[in-house]
Amino acid sequence: MTELFGKGVSNGYAIGKICFMGASSPKIKKKTIRDTKSEIVRLEMAVNSSLDSLDSLYREAVSKVGQTEAEIFNIHKMMLEDDDYQTFIKSIITTELVCAEYAVSVAKEKFADMFSSMEDTYMQERAKDVRDVSDRLIRKLMGKEDNPSLLSGIIAAEDLAPSQTITLDKSKVSAFITQKGSSNSHTAILARGMNIPAVCALGDSLSDDFDGKTAIVDGFSGKITIDPPKELILKIQQEIKNEKESSAIFRKLIGKPTVTTDGTKINLFSNIGGLSDIESVINNDSEGIGLFRSEFIFLGRNSLPTEDEQFEIYRSVAEKMKGKKVIIRTLDIGADKNAPYLPQSIEENPAMGLRAIRFCLFNQDIFKSQLRAILRASIYGNISIMFPMIISKSEIISTKKILFSAMSELSNDGIPYNNDIETGIMIETPAAALLSDILADEVDFFSIGTNDLTQYTLAVDRQNSAVSDLIGENQSAVLKLISMTAFNGRKAGIWVGVCGEMASDLSLTEFFIKSGINELSVSPHNTLRLRKKIREI
Ligand code: PEP
Ligand code: MG
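Residues numbered from 1 in each chain as written. Chains lettered and ligands numbered in written order. Predicted model: local features only at pLDDT ≥ 70, side-chain atom pairs only at ≥ 80, totals over all residues. Heavy atoms only, no water.

Section: the overall build of the chain
From N to C terminus, the chain includes 20 helices and 16 strands. Viewed in the frame of its principal axes, the chain has a C-alpha envelope of about 80 × 65 × 40 Å. In the chain, buried positions account for 52% of the 537 residues. For the chain, restricting intrachain contacts to residue pairs at least 6 apart in sequence, the fraction spanning at least 24 positions comes to 69%. Only carbon and sulfur atoms are counted for the fraction: they give 51% of the accessible area of the chain, which is about 23,700 Å². (Helix = DSSP H or I, 4+ residues; strand = E, 2+ residues; numbered from the N terminus. Buried < 20%, exposed > 50% of the residue type's maximum accessible area, 1.4 Å probe, protein only. Contact = heavy atoms within 4.5 Å. Areas by Shrake-Rupley, 256 points an atom, 1.4 Å probe, with all protein chains shown as cover.)

Right under this line is the structure:
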């Protein structure tokens, strides 16, 4: 048994096998063999299985991102089926009496060098593909899964970018454990949204040697137990059962109003990343969607979603919510959220760079097509638009100009939309909080993004586990900005909500309500717990 200690960032227990994700090139041991015939059979089986994987990746890519983008998987298939490539691997096995994994790794380098030395730049690029396809074959030989959507169990990684997590099949994942990350990183937020335990900041103690081992994840304390003894497994199984029973208590609050003891109504909304979260929103009796992180539609794919694709998603969310409020936050790309096809450059300080509204004002075609999609969907339900990372009044004015231009384009084309659509901004920079009296005149609502507001107020990188402990003890500066924003919003007659992770911290609920916050938006699984708390205040 081995114990590792990190930071619990999403509560709960999980028992399962560790599955290391995204280990770039598998580590190979050069093993000698005697039976070359059965080694070649093993190789052929792995080739066939890799071809099947590439077929299913091709089909998945066609449906998600289109034929052109999917074509890469056909190129990989051709490389894998190539006679010269296969004959070379087999000859290494038979002449050097080595295992297939090692023979493939030799072929990988030889063929990659061959492509790299060609004159044609297109052919030079193929070096990367032959490396990819060889690594896939090696992973197959090692019995490791290589399609992210087929990964299951306790997903381990150095860190998980939102673009990676989006490709996982969430129903198969029982926990996340990472070497890096912190409580406000998007992996932690995603884990809480999925209601699965997560532990981050495990550092180098989380080695890929643990791949395939059984482990217990304790998301409360941040402890990982590898190769746990049987008695501990039984104890944790009982804890998991107890947890389920106590969550049944919260379900009694379904259908009950979210009001304090003195009758103040609080709008209890949910944060979502896409259509797949709606089921949980409805099951947990959420009263609306306070934050739809629309950038998740843009992640985990190789091309820009079209206006029509986006429209279908927004329309479907609005329809499924049956008239309840759906606040769509416009594209908040940048910092840790990146898509390979978007015009993003490498930045020294990406969290303070061209992200969110700055990216959109810089790339107005992308922004306008999203706004058109949201506007078109607005007649199918109760949609509001929210702009992220605002720092000034002039940014709101520039943003609204593009919104009005999208509206007049639709009017000219005779396409219907709600021309009285509610618009708001996120308060997630100290500048926005400090100017909230002025900004309140420009919008219909404020939603406080405490994750970024904390990061920018305390100068604590939300991705960096080394400084994450500074947050708790220094929260008062952030709370002061929240009070100020709520006060200025109320004075101007607009509503103010909180959609960052602080909204689900029950020790702050009373503070929010006393400050005059009208709406709290949390991950769907936290809705009923928060309703119980509000009804007790
Ligand atoms: C926030 O910053 O609090 C927020 C809700 O936005 P995100 O976590 O997506 O940056
Ligand atoms: Mg934010």
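Now, onward.
Quick word on the coordination of the magnesium ion (ligand 2)
Within the protein, the atoms that donate to the magnesium ion (ligand 2) are Glu428 (OE) and Asp452 (OD), at distances of 2.0 to 2.2 Å. Taken together, the residues span a long stretch of sequence, with glutamate 428 in the loop between strand S13 (422-427) and helix H14 (430-434) and aspartate 452 in helix H16 (residues 450-458) at a distance of 24 residues. Comparing glutamate 428 with aspartate 452, the two get one shared label, buried. (Donors = N, O, S within 2.8 Å, 3.2 Å for Na, K, Ca; no water.)

Description of the pairing of strand S10 (residues 288-293)
In terms of burial, S10 is a largely internal element, 6 of the 6 residues being buried. Where strand S9 (residues 267-272) meets S10, 3 bridges bridge the pair, whose relative direction is parallel. Bridge pairing in S10 links isoleucine 272 to phenylalanine 292. Assessed by its sense of winding, the connection that carries the chain from S9 through helix H9 (residues 278-283) to S10 is right-handed. Relative to strand S11 (residues 325-329), S10 is paired through 4 bridges, and the arrangement is parallel. The partner of phenylalanine 292 across the bridge, within S11, is isoleucine 328. Once the chain exits S10 it traverses helix H10 (residues 307-320) before rejoining the sheet at S11, and the crossover so formed is right-handed. (Pairing = 2+ DSSP bridges. Right-handed = clockwise from strand over helix to strand, strands pointing away.)

Details of the sheet that holds strand S14 (residues 445-448)
Strand order in this closed barrel of 8 strands is S9-S10-S11-S12-S13-S14-S15-S16, and the pairing throughout is parallel. When strand polarity is set aside, the average angle formed by the axes of neighbouring strands in this sheet is 25°. Here 4 bridges tie strand S12 (residues 382-387) to S13, and the two strands are oriented parallel to one another. Bridging across to S13, serine 384 finds its partner in glutamate 422. (Axes fitted to C-alpha atoms, helices over the stretch in contact; angles between N-to-C directions.)

Section: the packing of aromatic side chains
Tallying each qualifying case throughout the model produces 8 aromatic pairs. Relative to phenylalanine 111, the ring of phenylalanine 88 lies with its centre 5.9 Å away and its plane at 70°, an arrangement referred to as edge-to-face. Here phenylalanine 88 is found in helix H3 (residues 83-96), whereas its partner phenylalanine 111 is found in helix H4 (residues 100-116), with 23 residues between them in sequence. Assigned by exposure class, phenylalanine 88 and phenylalanine 111 land together as buried. Residues phenylalanine 367 and phenylalanine 387 carry aromatic rings whose centres are separated by 6.2 Å and whose planes lie at 75° to one another, so their mutual orientation is edge-to-face. (Phe/Tyr/Trp six-rings, centres within 6.5 Å; stacked < 30°, edge-to-face > 60°.)

What to know about the packing of helix H12 (residues 364-377) against helix H13 (residues 393-412)
Two elements in contact, H12 and H13, have axes whose closest approach is 9 Å; the angle formed by their N-to-C orientations is 60°. Regarding the angle of H12 to H13, the classification is oblique. In this structure, the crossing between H12 and H13 has a hand that is right-handed. Here H12 contributes Gln364, Phe367, Lys368, Leu371, Arg372, Leu375 and Arg376 to the contact with H13, which in turn contributes Thr399, Ile402, Leu403, Ser405, Ala406, Met407, Glu409 and Leu410. Grouping the constituent residues of the contact of H12 with H13 by class yields 8 nonpolar, 3 polar and 4 charged. (Parallel < 35°, antiparallel > 145°, perpendicular 65-115°, else oblique. Left-handed = near helix turned anticlockwise from the far one by under 90°. Nonpolar A, V, L, I, M, F, W, Y, C, P; charged D, E, K, R; others polar.)

What to know about the nonpolar core
Phe176, Ile289, Ile425, Phe446, Ile482, Ile517 and Leu520 are the most contacted members of the largest nonpolar core, which totals 92 residues. Considering each element in turn, this core owes the most residues, 7 residues, to H12. Those residues in contact with phenylalanine 446, other than ones at most four positions away along the chain, are Ile425, Ile427, Ser436, Leu439, Ala440, Thr485, Gly489, Ile494, Trp495, Val496 and Gly497. By size, the runner-up hydrophobic cluster in this structure holds 33 residues, among which are Met79, Ile92, Ile93 and Leu141. (Core = buried A, V, L, I, M, F, W, Y, C linked by side-chain atoms within 4.5 Å.)

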